[in-house]
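Fold and geometry: a report
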Amino acid sequence: MQRRPKPGETEKEILLRQREFLASKGPPGAQLVAFRSSDGDGRIANARDVVDLNAFEQKTGPPRKRSKFKEEHSKLTDEAAAETLDTHDYHITRLLADVVKERDIGNVSSREPVGAQRGFPSVVAISGKSQGSRSRTEKSLFALHFEQHGAAEFGVARSIPTPSADTSSGQTPPDDMMKDAESGCHSMAGGQPIPGEDMARIHEENVQRLAGMLPEEISSEQAKLEQTLGPDLVAFLRGRRQKKEAAQPTIADQIVGDKSVRHETENGGQTVVKIDAPSDPDSRSEVPTEAKELQSQANKHTWLHMDKTEMEKLEWMTDTTDGTVGDKDSTVRFGIEGSLIPRDSNLPVSLGLHHHGDDPQAAGYSLDELFTMVRSSVTQQRVIALQTLAKIVTKAWCGEFVDFVKGNLLQNLVDAGLPVMLRLSLDEPVEAVSLATIQCLGSLLVEVHVEDLMDIVACTWCGLSVPSLQVMVSTDDTGNEDSKRQTDFEVIQQDLISGLLQMDLLPRLRYLLEVFHLPPSVVISVLQILTRIGRHSTEAACKIVDCSRLLDTIVSQFLPCSWKSPDVWPVKDVYGMPCSHAVKLICVLCAAGRNLAAKLMSMGSVVNALMRYISQQPSQMGLPDTEALLLSMHSYRTLQSCITYGIASHCVSDLYPILMQRMLELNPLLSQLLPMPGSESHRVSASLVYLYCPILGLMESCVHVGAVSPDQLQSQKNDTEEQLATPSISWHQVMCLLDPIKLAVKSLGQRLIHQDFEKLQDGTVVLLCGCLFNVLAAYYSHFASITLSVNVVDCLSELEDLVQTVLLLVIQGPLLTESVKLMISTCTSSCSSAYYRLLSQISVGILPSLLASPVVPPAFELLHAQQWLGFHSFVAAVCRLSFHIVQVHRGCSLKVSQTICSVQSVIEYLKLQLHSHPAAMMAPNKRLVLHIRYLLVKLFLQACETKGDGSLSHLVSLYHTTALDLLAKLQSGDEYLVYHLISDVIFRMEFFEIGDDIASLVADLADLSVGSMPPQPITISRDRRLSEAKPLLTDSIENLPGIRQLSLASLVKSVGQNRIDQSRGLIFGCPFEVMSQILPSNQEVIMTEDWMFHPIVSVHNKAMKAVGDVALSEDVVAVCHTLRLLLLLERLRPKAVHRVSATTRFTRLMCVFLASSNLFLDDVVHVYMTALLRCYTRPEILHQIDFNESIPGVLSFYDLYSAVLSQYSAVSYGDPLFGCFLLLPLQQRFSCHLRRAVWGEHASVLRSLAIPLSQIPVPVDNFLCPPETDVELLNLYSTMLFTGGIRKQWSPMMYFAAVHHLNTYLFIGDIQNVDHHHALMNGLCLVQDEDIYRDIVFFAGVDVSLPSGFRLHGSIPDDKAVRIKKFLSDKNNDQLMKIVKLRTPGL
């Protein structure tokens, strides 16, 4: 047997093996079926193809094989052409001709069919057996349908005229055919039909014949038939007979058993099957007429695929009930457009909002149902669900559901896993699902109205610096290791953007942009999502830049330098077209950090695209007006962001002619916007005004860069290791660009005062004016560094002219007053209760917003936003320009600073801001508002430094309180402003002058002074004393320099000097000090509201970690200065500390006792603690203290209080001040757990609380009312009293309280627990101390004038006697009765 060829054998070896096999003539391994050729020559058509080895070796080339296909078609050449056409013609006409020949109906008469009653055939139930069980002799489905519904159903007349045709041809007329079909005629063996009359006659003959036959004859005949027909045929006929006779239950019987079925015709004849549930169980036996008809039809045939009854599915054939009013807290339902659908809305079923859900009668989809549809296997359902969710989220961001939906809808969606579901759907291979997912994800992440608002905010002072949107997650020491082990879902629960980045969102978006040709709306959504991610943090922006081919794809496809303008807008394809959203993305990435901006500017395609969009007018770009405008605006803003770092300054030199041309167009533009009286007015597009705002912002950045001197650059290079390039912007170029701006500003004064304020209320013009003022303010802020390059005398003269012709006209005119009034109205609306409700209901914890809330105050429109942002920007620019002008020219202080600070609307605005909550203002506007208040405080300081007439003395308290309030509200990024306020404003002595109106407020401190010895029962040596007694406020004011130094040191320690320098660079435009324009989170403030307590908390925390228990000298000084500051603020500036709760303030002071064992014994500390205790025990503050509230930095007040009790037992020496701090939490209105701690675990303190009742700063009634009801605490009272654990002389107040509560419980209050009452009464009767027995039994009432605090009865009152007798009768103890009667006279 030959073996098969193996791999690796050469072709020659295989051919030799073939020759050996043929020579052996063995059986082949496979057999071939040979088909004989049709030509009759006997040659095998599919003969074996054998390779001749000898011939192969002789020939130089391979053997040529003959094509079998060619052999088959070679025969066609011998055939005739006509036969060839007839044989091989496969055209459709040929096929139709064959059909006609096969069935010629030319001789059969016909007529047009009768029109049907409906345009479409009705849905019918096909009866009969299933197709799988149908025999070949059975009628077709069409025939069955025809028999069941008749000819009229198909538009055919029942009576057709008999044609004049020869009946001998064997053809049956159509009338007879129809009659036979209706009567069910039979056929004989020959195929001829038997008429119905003959059938009846034959049947009668058979019946008569059978009646005359005997049973034996009938049996014999049956036997003959069985032998003739065969057993199989006989069995078939018998089974057929049995089937006809058997009463089979049909599907109609089962339906009627539970539901009633009826057919109705609605909406143009469409048949609808309705199944109505019976009203009661008895009605099921009553079958309606329609159901009987359906049952009769079902009895004839079996319904297709309906052999099994599924009642749950049949219920969906019923009509939905009428919409009823749902419950108040019912599940919300939404329509396809994302709108809310009330449950009582009676919407028709034809809208497609009813479905097979848990609530079929209610229209719309719940959120759970939409989530289920997203996971559907049907693509269309998933797409519709995603689109609906996108619309719902968009409307939820706008606050449309706040008044109708209970709870936070957006937060519920995020908690339900919407982000994870969208990320998984984004990986679907179906393009439609991916596109819908992108739009839904964009609606969740992107707030379109906020982005529009940020375009306006960027035109303001420091507008490019925006807060980070990163969620601040607190981590432990092992936080870095834990974060590596966190899953995607865990990360996304903390920070949505970080979680999506970890789930590889960026590579997926790049793939979709690069591979799929996305439609314009989806491309915009992708770019908006990337912009939102870029705003998250610098790290997120770095991931976008580092993502492979992502930026390359965006720059190449959506930032081209040349493009073909389409004829029709909007276009269906944005690939190859410039997109403003792509430029905005580049701008956001540049603002994320210096290194990112340098990396992007190193890409030549980005720089070329920006210069291309800047160098051409928007109207000449061949794009829609809005798109061209946004393209130019974002390009200018991107260049401004880079210039802020000192990067890409060469682009300004290259664009110098273009920029000069734009500056020269300013004055004509202002003349059109603000026409003088009598001149012709021109209508100017607002878009043109918005274009000049980023141009002026670029000019401001150029001023900052051009003002950098070589010495400053060299010092910066020495301080940093980074290689800094010398800017290519010269000061000469800056001065040339400023000349048109100065000319335009000089014309503003007369133009603004002659304008009606109503024409300026849209905010567009004032926004442009604010940008002009900001450029000049930046110029004058660098006046000290550029004095060598300008003529100082001419500059001062120019300043005076500017103040006289422009600034004073604006300040003294109605424009500033009306602008501030508009700001007041904005502040009032944002502080309303409706807005606070928006803050609580529209926010997502893991997705921070650029606003304090994702929505602005109610009735928000973009027009309103540009209105109040424009006026805020204008007021800030006026204050900023005024401040820098006064800094240069002090002679203008009286004219400018005092005038602004004394404007009545400005004063009202500052008072209103003192009462506004920090969360009430939107974040971008909030920072601008804080800057305005800072500038007003600085202007007031300038006015105070100038020797004036003292007209501003009554405003000292207001502006000083404003400065103090700013410390607790300024956000991260404004560290330099805080540093400047502390060093120059807060601790100025002239702001703390004690006037006659304040002297009456501090009269209760007259007996306290720094050198006085506080009354103490134990003499203790002091380490430090002061030589002379001074009033406390005077001593505090004299130590203000030390307090300022302490506060500055605390600030630098908490934030770091580096952050202060970077903040200075951002605010004052120092280009080489700016590292990033993304500020920390907008929820993070520099100094908390209790900033004045920070030194005490710092000393306490250090003492908790230290080994020693003695306070250091620097700690004593820090605590003393802090207490001085607290006393000044509590007495002179109470509004500055009113945001800190009274509980927090009292708790912070208790930390002084825990700081060390001897700190509270210091003279200065002791006297100031006494003064502050008097402040906090005033009635208006005392009732605000609640130890159940959350205290910042304190997890549990009970634990803190327990630590203080332990410290008192260890080091107090019975100090009365320390004891008063312990007594205050023991008032009856506070938690009983605090009193249990004193009477139980720390009962030793009761031996040293020897504070007379007259020296307790809290009313005694606070310890007595309401009566004690806690059983455990009453047991502790009785135990300590009956066992001698407490005495009057040890703790008068605690002894008094225990006696009062036991007396009330035993003799006055209702007896709730008899056993417990008898137990305490029994202990009282057996107590050995007669004084305690007399105090409790003969207790008469409170009398603070007595040393004990209460008076006693001379004899036992009747009510108490009754209680004691009742107790003795219940006990029935003669010995106890004798003891009690002996000790109780008159019983």
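It should be emphasised that the depicted structure is a prediction, and the values quoted were computed from it without experimental measurement. (Residues numbered from 1 in each chain as written. Predicted model: local features only at pLDDT ≥ 70, side-chain atom pairs only at ≥ 80, totals over all residues. Heavy atoms only, no water.)

Looking at the overall build of the protein chain
Across its full length, the protein chain carries 66 helices and 8 strands. The burial tally for the protein chain puts 47% of its 1387 residues in the buried class. Partitioning the intrachain contacts of the protein chain with sequence separation of at least 6 by distance along the chain shows that 75% fall at a separation of at least 24. (Helix = DSSP H or I, 4+ residues; strand = E, 2+ residues; numbered from the N terminus. Buried < 20%, exposed > 50% of the residue type's maximum accessible area, 1.4 Å probe, protein only. Contact = heavy atoms within 4.5 Å.)

Here we look at the environment of G576
Position of G576 relative to the elements: it lies in the loop between α26 (550-558) and α27 (580-591). When the C-alpha atoms of G576 and C561 are compared, they prove to be 9.5 Å apart, with 15 residues separating the residues in sequence. Discounting chain neighbours no more than four positions away, the residues touching G576 are Q557, P560, S562 and W563.

Thoughts on the packing of helix α65 (residues 1358-1371) against helix α66 (residues 1374-1383)
Closest axis-to-axis distance for the α65/α66 pair is 9 Å, and the angle between their directions is 160°. What the angle tells us is that α65 and α66 run roughly antiparallel. Along this stretch, α65 crosses α66, giving a crossing that reads as left-handed. Note on element contacts: α66 touches α65 through L1376, M1377 and V1380, opposite I1364, F1367, L1368 and K1371. Its residues assigned to classes, the contact of α65 with α66 shows 6 nonpolar, no polar and 1 charged. (Axes fitted to C-alpha atoms, helices over the stretch in contact; angles between N-to-C directions. Parallel < 35°, antiparallel > 145°, perpendicular 65-115°, else oblique. Left-handed = near helix turned anticlockwise from the far one by under 90°. Nonpolar A, V, L, I, M, F, W, Y, C, P; charged D, E, K, R; others polar.)

Brief notes about the packing of aromatic side chains
Any two aromatic rings considered together are summarised by their centre-to-centre distance and by the angle between their planes. The final tally for this structure, using the stated rule, is 24 aromatic pairs. Ring centres of F1187 and F1197 lie 4.1 Å apart, and the angle between their planes is 20°; this geometry places the pair in the stacked category. With F1187 in the loop between α56 (1179-1182) and α57 (1197-1211) and F1197 in helix α57, the pair connects residues that are 10 residues apart, well separated along the chain. In this structure, F1187 and F1197 share a single accessibility class: buried. Counting every residue linked through ring pairs, the aromatic cluster contains F1146, F1153, F1160, F1187, F1197, Y1201, Y1208, F1218, F1221 and F1230. Positioned above the aromatic ring of F992, the side-chain terminus of R1133 is 5.9 Å from the ring centre. Residue placement shows R1334 over the ring face of F1338; its charged tip is 5.4 Å from the ring centre. (Phe/Tyr/Trp six-rings, centres within 6.5 Å; stacked < 30°, edge-to-face > 60°. Lys NZ or Arg CZ within 6 Å of the ring centre and 35° of its normal.)

Some points on a nonpolar patch on the surface
Together, L225, L229, L233, F236 and L237 line one region of the surface with nonpolar side chains, adding up to about 460 Å² of accessible area. Elements supplying a minimum of two residues to the nonpolar patch: α9 (215-229) and α10 (231-245). For the nonpolar patch, the element with the most residues is α10, which contributes 3 residues. In this fold, L233 is placed in helix α10. (Patch = residues over 30% accessible without salt bridge, like charges linked within 9 Å, V, L, I, M, F, W, Y side chains within 5 Å. Areas by Shrake-Rupley, 256 points an atom, 1.4 Å probe, with all protein chains shown as cover. Salt bridge = Lys/Arg side-chain N within 4 Å of Asp/Glu carboxyl O.)

Some points on the pattern of salt bridges
With the rule as written, the count across this model stands at 34 salt bridges. A salt bridge links E205 to R201, with the shortest nitrogen-to-oxygen separation between them at 3.4 Å. Here E205 and its partner R201 are both found in helix α8 (residues 196-212), 4 residues apart, which amounts to about one turn of the helix. A residue is classified by how much of its surface remains accessible, and E205, at 44% relative accessible area, is partly exposed. With its nearest N and O atoms 3.7 Å apart, the salt bridge here joins E1180 to R1178. Take R1178: its relative accessible area is 22%, and that puts it in the partly exposed class. One salt-bridge network, held together by shared partners, links E451, D455, R535 and K584.

Here we look at the packing of helix α52 (residues 1094-1105) against helix α53 (residues 1113-1132)
Close contact between α52 and α53 brings their axes to 9 Å; oriented N to C, the two are set at 150°. Looking at the two axes, α52 sits roughly antiparallel to α53. Judged by the sense of rotation from one axis to the other, the crossing of α52 with α53 is left-handed. In this structure, α52 contributes P1095, I1096, V1099 and K1102 to the contact, and α53 contributes D1115, A1118, V1119, T1122, L1123 and L1126. Among the residues forming the contact of α52 with α53, the class breakdown is 7 nonpolar, 1 polar and 2 charged.

Focus on the side chain of T1170
Structurally, T1170 is set in helix α55 (residues 1163-1176). According to the relative accessible area criterion, T1170 is buried, its value standing at 16%. T1170 has contacts with L1008 and L1217, leaving out every residue within four places of it along the chain.

Examining the environment of G593
Among the structural elements, G593 can be located in the loop between α27 and α28 (594-601). Once the C-alpha coordinates of G593 and S537 are considered, the two residues, 56 residues apart in sequence, prove to be 9.7 Å apart. When sequence neighbours within four positions are dropped, the list of residues in contact with G593 reads Y645, M1075 and S1076.

A word on helix α14 (residues 367-374)
The element α14 is extensively covered by neighbouring structure, given that 6 of its 8 residues are classed as buried. Looking only at α14, the buried set comprises L367, E369, L370, F371, M373 and V374. Check the buried side of α14 and you find it contacts α15 (379-397), α16 (409-415) and α17 (418-425).

Thoughts on unusual backbone geometry
The amide bond that connects W569 to the next residue, P570, takes the cis arrangement and shows omega of 0°. As for its placement among the helices and strands, P570 is situated in the loop between α26 and α27. A cis amide bond, omega 0°, links C1265 with the succeeding residue P1266. With respect to the helices and strands, the residue P1266 is situated in the loop between α60 (1261-1264) and α61 (1271-1282). Residues other than glycine seldom take positive phi values, yet Y1213 does so here, at roughly 55°. Among the secondary structure elements, Y1213 is positioned in the loop between α57 and α58 (1216-1223).

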